[in-house]
Amino acid sequence: MKFDVIVVGGGFAGLYMLHRARGLGLAARVFEAGSGVGGTWYWNRYPGARCDVESLEYSYQFDERLQQEWRWSERFAAQPEILRYADHVADRFGLRSDIQLNARVAAAHFDESARCWTVRSADGQAATARYLVMATGCLSVPNRPALPGLERYAGAVYHTGAWPHDKVDFRGLRVGVIGTGSSAVQSIPLIAAEAKELHVFQRTATYSVPAHNGPLDSAYEARVKADYAGFRARNSQMPNAFGSNLPRNESSALAATPAERQRAFEARWRHGGLFLLGAFGDLILDAQANETAAEFVRDKIRATVRDPALAERLLPRQRIGCKRLCLDSGYYETFNRDNVELVDLNDAPLEGATPQGLRAGGRDYALDAIVFATGFDAMTGALARIDIRGRGGRALREAWAGGPRSYLGLAVAGFPNLFTITGPGSPSVLTNMLVSIEQHVNWIAECIAQLNARGHATIEALPQAQDAWVAHVNAVAERTVYPLCNSWYLGANVPGKPRVFMPLLGFPAYAKKCEEVATAGYEGFALA
Ligand code: N01
């Protein structure tokens, strides 16, 4: 099978890439490991899974009729609705005929003489294409820590990022959840409401802000839809590419009085959503300013959790926001329930599994089910699992052994005609992903169109441009609190992974840079 473009992954990035490639008259094929489209929303079916960016923003903007006609039911859409939306897009644009499902790509090798990529799936099928676009997602490889003895555990084992398609019934069961990141924060209240007992195994206490989710306000929807393009344009000027309704206040938290700070934090807490850290301009830049927001949330936890000793163990101590802020519906309140127990792994380290459950701090916890809410091998995991080989047969895994190196998060030196959608080194996970996906897909589509128009067969990032870009991404991060805690942004959640801050802060400047690079005839790239 021969194509112009092969796209790996049928999530939001892969779907739109296919649509754009077809629009250019290119023969394109998507290979998707799952048995349906939707990517992250196909796999993450755990109870409570929903988006933390508002529905009217977390949606495609490339087609005016689509964005006008689609109706979201809630302010923050839940996973089943987002998956229905992905399916709707696949049908509406007739994409399915070029999507091969149940096709996990195992290898992709660049042939220097033919100047094309050969892609092989795990079941041995092969296809070639001039361009290879990796739409493999930033959070698509579950991270399941090795727990000694797990193979002998007799109960059910789940990972939030690879949840069964049929509803899991926790009624009457004793359940253990490992982890307290976003997936845990969303699922814990629902599991607690159903299970007989819930034991939450916490290694790092988390900051969470109420979502205040509810039905989508139809008057607000009408206002947005009356000028959707204007709304999208304003959002694209926000640092995280969303939230223009409540932009960041650029003044300093340290210059404000305690009463002013309290008012500002309280207003954003009441608004709901990921806006708290926009209360002041220096919250992610200055440790002292950051502490004012951190203490505000700690006070909320103290006020919510009735048992002061339990509240104390739920207080996060790291900088707020340097691990991704969580959004919840009743997370801290759940710990007031009689059937919920917090196991602080700092006092009682997790020793492993037994045939009956988990053992921590010398105590055995009898469990009918264990839920790993332990996150993902983020940003590089999916790429590293494919045997990608560029010039001279060099493996991407090897090129990235010390951490990902890329130009603009879009291309890698030594790997011609390979594009990574929302790759490391681009704003990606620090933004509304749908906006970043569309920006990347548009850039890649335009780039391929230009190469074809000018008769070029290959494009390849120059090593010096890549080095300068990696240094830039790091320098931007170093000015913030982001590198100060053990987050998945740094790869710190996966044992042995190099500690490198992978996403780039600041969407508007990044998008402008990408445009300038293209306008300047793909500056920093070699065209041949
Ligand atoms: O994963 P996480 P997630 N022993 O990595 C703990 C997006 N998302 O799936 O902090 C014990 O954040 C780990 O502890 P620690 C969103 O971008 C979005 O929850 O490493 N515990 C942590 O508590 C999010 O950030 C949405 O000390 C272990 C937890 O497991 C990203 O996905 C919803 C452990 C993992 O938290 C990932 O979120 C869900 C071990 N060996 C996800 N290893 C929304 O849109 C890990 N942990 C709302």
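Look up: the structure comes first, before these words.
Basis of the calculations
- Residues numbered from 1 in each chain as written.
- Predicted model: local features only at pLDDT ≥ 70, side-chain atom pairs only at ≥ 80, totals over all residues.
- Heavy atoms only, no water.
- Helix = DSSP H or I, 4+ residues; strand = E, 2+ residues; numbered from the N terminus.
- Rg over C-alpha atoms; globule rule 2.2 N^0.38 Å.
- Buried < 20%, exposed > 50% of the residue type's maximum accessible area, 1.4 Å probe, protein only.
- Contact = heavy atoms within 4.5 Å.
- Pairing = 2+ DSSP bridges.
- Axes fitted to C-alpha atoms, helices over the stretch in contact; angles between N-to-C directions.
- Disulfide = S-S within 2.5 Å.
- Core = buried A, V, L, I, M, F, W, Y, C linked by side-chain atoms within 4.5 Å.
- Expected span 1.5 Å × (residues − 1).
- Bend = angle between axes of the 7 residues up to and from the residue.
- Near = heavy atom within 4 Å.
- Polar contact = N/O pair within 3.5 Å; in protein donor to acceptor, adjacent residues only side chain to side chain.
- Nonpolar A, V, L, I, M, F, W, Y, C, P; charged D, E, K, R; others polar.
- 1 Å grid on protein atoms, 1.4 Å probe; cavity = no way out; pocket = protein on both sides within 12 Å on 5 of 7 lines; lining within 4 Å.
- Points joined across faces, edges and corners; volume = space filled by probe spheres on them.

K.L.:
Let's hear about the overall build of the protein chain: which residues, and what values?
P.N.:
Along its length, the protein chain carries 16 helices and 20 strands. Radius of gyration (C-alpha) of the protein chain: 23 Å, near the 24 Å computed for a compact globule of 528 residues. With the principal axes as the frame, the protein chain shows a C-alpha extent of 70 × 55 × 45 Å. Classification of the 528 residues of the protein chain by burial places 59% in the buried group. Considering only contacts within the protein chain whose residues lie at least 6 apart along the sequence, 72% involve residues at least 24 apart.

K.L.:
An account of the sheet that holds strand 14 (residues 357-360) is needed here, citing residue identities and associated values.
P.N.:
Reading across the sheet, the three strands line up as 13-14-15 and stay open at both edges, with antiparallel pairing between neighbours. One side of each edge strand has no neighbouring strand; the edge strands of this open sheet are strand 13 (350-353) and strand 15 (363-366). In this sheet, neighbouring strand axes are inclined to one another by 20 degrees on average, regardless of whether the strands run parallel or antiparallel. Note: strand 14 against strand 15, four bridges, orientation antiparallel. If you follow Arg359 over to strand 15, its bridge partner there is Asp364.

K.L.:
Pulling in residues and values, what's your account of the state of the cysteines?
P.N.:
In this structure the tally under the stated criterion is one disulfide. For the unlinked cysteine Cys514, the closest cysteine sulfur is that of Cys447, found at 11 Å. The exposure class assigned to Cys514 is buried, which follows from its relative accessible area of 1%.

K.L.:
Give a description of the nonpolar core that names residues and reports values.
P.N.:
The biggest cluster of nonpolar side chains holds 140 residues, and the ones touching the most others in it are Phe12, Phe170, Leu408, Trp443 and Phe525. Here this core takes ten residues from helix 14 (residues 433-454), the largest share from any one element. Residues Ala108, Phe110, Ile386 and Phe415 belong to the second largest nonpolar core, which totals 23 residues.

K.L.:
Tell me about the sheet that holds strand 8 (residues 174-178), and please be specific about residues and values.
P.N.:
Read across the open sheet, the five strands follow the order 7-16-8-9-12; overall the sheet is parallel. What marks the edges here is a single partner per strand, and that holds for strand 7 (156-159) and strand 12 (340-344). Each neighbouring strand pair of the sheet contributes to a mean axis angle of 20 degrees, computed without reference to strand direction. Sheet topology note: the strand 7/strand 16 (residues 369-372) ladder contains four bridges and is parallel. Bridging across to strand 16, Tyr158 finds its partner in Val371.

K.L.:
Which residues make up helix 5 (residues 182-194), and what are the values?
P.N.:
An ideal rise of 1.5 Å per residue puts 18 Å on 13 residues; helix 5 measures up with 19 Å between its terminal C-alpha atoms. Along its length, helix 5 shows its largest kink, about 35 degrees, at Ile188, and proline Pro189 lies within four residues downstream of that point. Every buried residue of helix 5 is accounted for by Ser183, Ala184, Val185, Gln186, Ser187, Ile188, Pro189, Ile191 and Ala192.

K.L.:
Which residues make up the site of the ligand, and what values go with them?
P.N.:
Around the ligand, 23 residues are found, and the nearest of them are Thr180, Ser183, Arg203, Thr204 and Lys323. Here an oxygen atom of the ligand and a backbone polar atom of Asp52 are 3.1 Å apart. One nitrogen or oxygen atom from the side chain of Ser183 is found 2.6 Å from an oxygen atom belonging to the ligand. For the shell around the ligand, the element with the most residues is helix 5, which contributes three residues. Here the residues of the shell around the ligand sort into nine nonpolar, nine polar and five charged.

K.L.:
Go over empty space enclosed by the protein with me, naming the residues and quoting the values.
P.N.:
For the structure shown, the criterion picks out five cavities of 30 Å³ or more. Estimates place the volume of the largest cavity at around 80 Å³. In terms of lining residues, the largest cavity is bounded by Pro404, Ser406, Pro424, Gly425, Trp469, Val470, Val473, Asn474, Val500, Phe501 and Met502. Partitioning the lining of the largest cavity into residue classes produces eight nonpolar, three polar and no charged. Reported here for the second largest cavity is a volume of approximately 60 Å³.

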